[in-house]
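As a plain string of letters, each chain reads:
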Amino acid sequence: ISPTSKGSLLLKSADPWDDPLIDPSYLETKHDVDVLVRGIRAALKIAHTAPMTSVTDMDASYHPELDHHLPGLSDADLADIVRDRVETVYHPIGTCSMGAGGVVDSELRVKGTQGLRVCDASVFPKLVSGHPVCGSSERWL
């Protein structure tokens, strides 16, 4: 829930039609990979514990489209799987910072523009363990 890897979002040029340079830097830190490997181990333990065993097929014969082989893998092998399959389900944060050196003011107005506000998680300096996006945008709806 609280990754330590930090990505970046930069302008490629002054042309507003140029795509930005986006580098999410997923799993850049060992901590983030280790947390996900521990999460997989915990999920597998739950799947192999009653009453879950009555509704999961973890003991079924190997099927190529399922991950029945995961319990037998080393942490290093699981880390490789994590790196291969990672994707975000969170709102990117910190790309439109607020404050003196930021791009938005305390009212979420984009500095140097008129009539433009940012009202999503990109104004948050750090990822929070919840779903606060509605809180930052509901005032402006």
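Calculation notes
- Residues numbered from 1 in each chain as written.
- Predicted model: local features only at pLDDT ≥ 70, side-chain atom pairs only at ≥ 80, totals over all residues.
- Heavy atoms only, no water.
- Helix = DSSP H or I, 4+ residues; strand = E, 2+ residues; numbered from the N terminus.
- Buried < 20%, exposed > 50% of the residue type's maximum accessible area, 1.4 Å probe, protein only.
- Contact = heavy atoms within 4.5 Å.
- Areas by Shrake-Rupley, 256 points an atom, 1.4 Å probe, with all protein chains shown as cover.
- Core = buried A, V, L, I, M, F, W, Y, C linked by side-chain atoms within 4.5 Å.
- Patch = residues over 30% accessible without salt bridge, like charges linked within 9 Å, V, L, I, M, F, W, Y side chains within 5 Å.
- Salt bridge = Lys/Arg side-chain N within 4 Å of Asp/Glu carboxyl O.

## Examining the overall build of the protein chain
And then number 1: What the protein chain contains, in helices and strands, is 3 helices and 2 strands.
And then number 2: What you see in the protein chain, going N to C, is helices and strands ordered as β-β-α-α-α.
And then number 3: Of all 141 residues assigned to the protein chain, the portion counted as buried reaches 21%.
And then number 4: A sequence separation of at least 24 residues applies to 41% of the contacts in the protein chain between residues at least 6 apart.
And then number 5: Working note: accessible area of the protein chain is about 10400 Å², and carbon and sulfur atoms make up 59% of it.

## Digging into the nonpolar core
And then number 1: Grouped together as the largest cluster of nonpolar side chains are 10 residues: Leu27, Val33, Val37, Leu44, Leu70, Leu73, Leu78, Ala79, Ile81 and Val82.
And then number 2: Counting residues per element, the ones that place at least two in this core are α1 (30-47) and α2 (75-85).
And then number 3: Ranked by residues supplied to this core, first place goes to α2 with 4 residues.
And then number 4: Within the second largest apolar cluster, 8 residues are counted, among which are Val104, Leu108, Val110 and Val123.

## Description of the side chain of Ser25
And then number 1: Relative to the assigned elements, Ser25 resides in the loop between β2 (21-23) and α1.
And then number 2: Classification of Ser25 as buried rests on a relative accessible area of 12%.
And then number 3: The contact partners of Ser25, leaving out residues within four places of it in the chain, are Ser5, Lys6 and Gly7.

## Quick word on a nonpolar patch on the surface
And then number 1: Together, Tyr26, Leu36 and Val86 make up an exposed nonpolar region whose accessible area comes to about 240 Å².
And then number 2: Secondary-structure assignment places Val86 in the loop between α2 and α3 (133-137).
And then number 3: On the accessibility criterion, Val86 (31% relative accessible area) is partly exposed.

## What about the pattern of salt bridges?
And then number 1: Evaluated as defined, the whole model comprises 4 salt bridges.
And then number 2: The salt bridge involving Asp34 is made with Lys30; its shortest N-O contact spans 2.7 Å. Here Asp34 and its partner Lys30 are both found in helix α1, 4 residues apart, which amounts to about one turn of the helix.
And then number 3: Relative accessible area serves as the criterion here: at 27%, Asp34 is assigned to the partly exposed category.
And then number 4: The partner of Arg41 in a salt bridge is Asp75, with the nearest N and O atoms 2.9 Å apart. With Arg41 in helix α1 and Asp75 in helix α2, this pair connects stretches of sequence that are 34 residues apart.

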